[in-house]
Amino acid sequence: MNVSDHVGLEQFIAGVKKRNPGQPEFVQAVQEVAEDIFDYIRDKVEYHEYQILRRIAEPDRAVSFRVCWEDDKGNIRVQRGWRVQNNNAIGPYKGGIRFHPSVTESVLKFLAFEQTFKNSLTGLPMGGGKGGANFNPKGKSDHEVMRFCQSFMTELFRHVGADVDVPAGDIGVGSREIGYMFGQYKRITNQFTGVLTGKGLEYGGSLIRTEATGYGTAYFLQNMLQRVGDSIEGKDCVISGSGNVATHAAEKIIDLGGKVLTLSDSGGFIHDPEGIDAERLAWVKDLKETRRGRIEAYAKAFPGSEYHAGRRPWAVPCALALPCATQNELDGADARRLVANGCIGIAEGANMPTDLEGVHAFKEAGILYAPGKAANAGGVAISGLEMSQNSARISWKEAELQQLLVETMKGIHDRCVEHGGSAGSEHIDYVRGANIAGFVKVADAMLAYGVV
Ligand code: NDP
């Protein structure tokens, strides 16, 4: 990048900050992408003339709404819900719904922006969106969650549709919440359409959707290692989170011969030096999905393992690391420690888990580093196939879908390699590759539409 590009980039980011006050996560996501895109579009006049990056970084719309519900004690509770529709140049808006007290418009705008590139990378016709509410499902009864989901959908239904915007799950939104929301959509509209993905198998869901994000992240890591003649076999792996993505990433890492040393939740992390095997992982899934307990319980159930309250797992020496909990859970110091301890590969199951300083540290170290928008795209890819199955009113077999997931992750990997390499070097900058490969398809579709 030359000096004038730097000035251009700084001005661009200053503008994004000015237009989005108090939205640090959104600015961070745009900056990470812009650093690569500015360089790439330097000599591509049309993208400049048509202000393509500026337009992708301005959501098509962001709606916010009040969500009232009644708790089990009869108290009236008020939450805020949102749907951010970032860009539908290449297909209907698509992206998850997050229920967590930390949800803000900034968080959802960053997620919708990232989703635009991720969905493009899958090769499927899906635009980018994201939604959610500052509702905490933890500690709520099933009926409280149901009443909240029904109230949320009572507004959301106006903004979504099988050919308009197709939400899915994310943090705090699993099959229970999707079921309640789909039921309410159907009740209000009297239509049985593929308006949500991640549905139960009885009512239009796709096989392997639940597993796809975590499995896909492990496949992406495997692809990066294979390219340099290495594998996951026998390697120590540190994983954060203990939800849908983390547990399924762990499952596939174990399948591929890796040793999983850690899992975490918002309370802290557990370290099992013997390795979390398939049996222990099944115990964790039951703890989280059925008993809705805390990861701390693992250390009591399995002597020899330890619980570290209030800490993240990045100081545990490992060869491979998979951040699978949430955004900004791995900072610059964590990244440098991982590298110093011999970590050679990172695949992000979560969205933007590494802060900008951490991203720069991984890039400088020249290790294999896959950003979430590439590594965790397996989930939305199978969601895209759930949409196809719903439209055609058919269900594909598990073996077919497993194969499609493997091929999709390989395709995303190869697209990153195509755009992330540089002359005279074997090293691939997967962040750059993902940003550019994701950008080009959306940008070219936008050019075709003119100024809209
Ligand atoms: P889950 O709700 O199933 O699990 C989230 C996990 O992350 C839990 O272990 C949770 O702990 C932990 N966590 C959440 N917030 C924090 C926090 N602030 N600090 C520390 N730990 C935290 O969500 P998913 O597994 O579905 O999502 C995890 C990540 O993967 C997110 O970034 C999501 O956007 C991303 N993702 C998910 C996809 C999917 O298909 N589900 C698709 C692509 C990306 P606790 O239980 O204590 O809250």
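Residues numbered from 1 in each chain as written. Predicted model: local features only at pLDDT ≥ 70, side-chain atom pairs only at ≥ 80, totals over all residues. Heavy atoms only, no water.

Let us look at the packing of aromatic side chains. One pass over the full model with this rule turns up 19 aromatic pairs. A centroid spacing of 5.1 Å and a plane angle of 90 degrees characterise the contact between Phe99 and Phe148, whose relative ring orientation is edge-to-face. Placement of Phe99 in strand β3 (residues 93-99) and of Phe148 in helix α6 (residues 142-156) is noted, with a sequence separation of 49 residues between them. Taken together, a centroid distance of 5.0 Å and an interplanar angle of 45 degrees make the contact between Phe362 and Tyr369 tilted. Since its relative accessible area comes to 1%, Phe362 is described here as buried. (Phe/Tyr/Trp six-rings, centres within 6.5 Å; stacked < 30°, edge-to-face > 60°. Helix = DSSP H or I, 4+ residues; strand = E, 2+ residues; numbered from the N terminus. Buried < 20%, exposed > 50% of the residue type's maximum accessible area, 1.4 Å probe, protein only.)

Further remarks concern the packing of helix α8 (residues 209-227) against helix α16 (residues 398-420). Put simply, α8 and α16 touch, their axes get as near as 9 Å, and they point 50 degrees apart. Of the possible angle classes, the one that applies to α8 and α16 is oblique. Our pair here, α8 against α16, has a crossing hand that is right-handed. Where α8 approaches α16, its residues Ala212, Tyr215, Gly216, Tyr219, Phe220, Asn223, Met224 and Arg227 are matched on the opposing element by Gln402, Leu405, Val406, Met409, Lys410, Ile412, His413, Cys416 and Val417. Looking at side-chain class alone, the contact of α8 with α16 contains 11 nonpolar, 4 polar and 2 charged residues. (Axes fitted to C-alpha atoms, helices over the stretch in contact; angles between N-to-C directions. Parallel < 35°, antiparallel > 145°, perpendicular 65-115°, else oblique. Left-handed = near helix turned anticlockwise from the far one by under 90°. Contact = heavy atoms within 4.5 Å. Nonpolar A, V, L, I, M, F, W, Y, C, P; charged D, E, K, R; others polar.)

Another point: the site of the ligand. What surrounds the ligand is a group of 26 residues, the closest being Lys138, Asp170, Thr213, Ser266 and Arg294. Within the backbone of Asn244, an N or O atom sits 2.9 Å from an oxygen atom of the ligand. Between the ligand and Val245 there is a distance of 2.9 Å, counted from an oxygen atom to a backbone nitrogen or oxygen. Starting from 890 Å² of accessible surface for the ligand in isolation, the protein chains cover 83%. (Near = heavy atom within 4 Å. Polar contact = N/O pair within 3.5 Å; in protein donor to acceptor, adjacent residues only side chain to side chain. Areas by Shrake-Rupley, 256 points an atom, 1.4 Å probe, with all protein chains shown as cover.)

Time to look at the domain arrangement of the protein. By a frequent convention, interface size equals the accessible area lost on bringing the separate parts together. The assigned domain composition of the protein is domain 1 (61-193) and domain 2 (210-370). Here domain 1 and domain 2 have C-alpha centroids that lie 27 Å from each other. Interface area for domain 1 against domain 2, summed over the two sides, is near 700 Å², with a carbon-plus-sulfur share of 42%. The interface formed by domain 1 and domain 2 holds 0 salt bridges in total. Looking at the side of domain 1 that touches domain 2 element by element, the count peaks at 4 residues for helix α5 (residues 105-121). Partitioning the side of domain 1 that touches domain 2 into residue classes produces 4 nonpolar, no polar and 6 charged. (Domains from an automatic or database assignment. Buried area = accessible area lost by both parts, 1.4 Å probe. Salt bridge = Lys/Arg side-chain N within 4 Å of Asp/Glu carboxyl O.)

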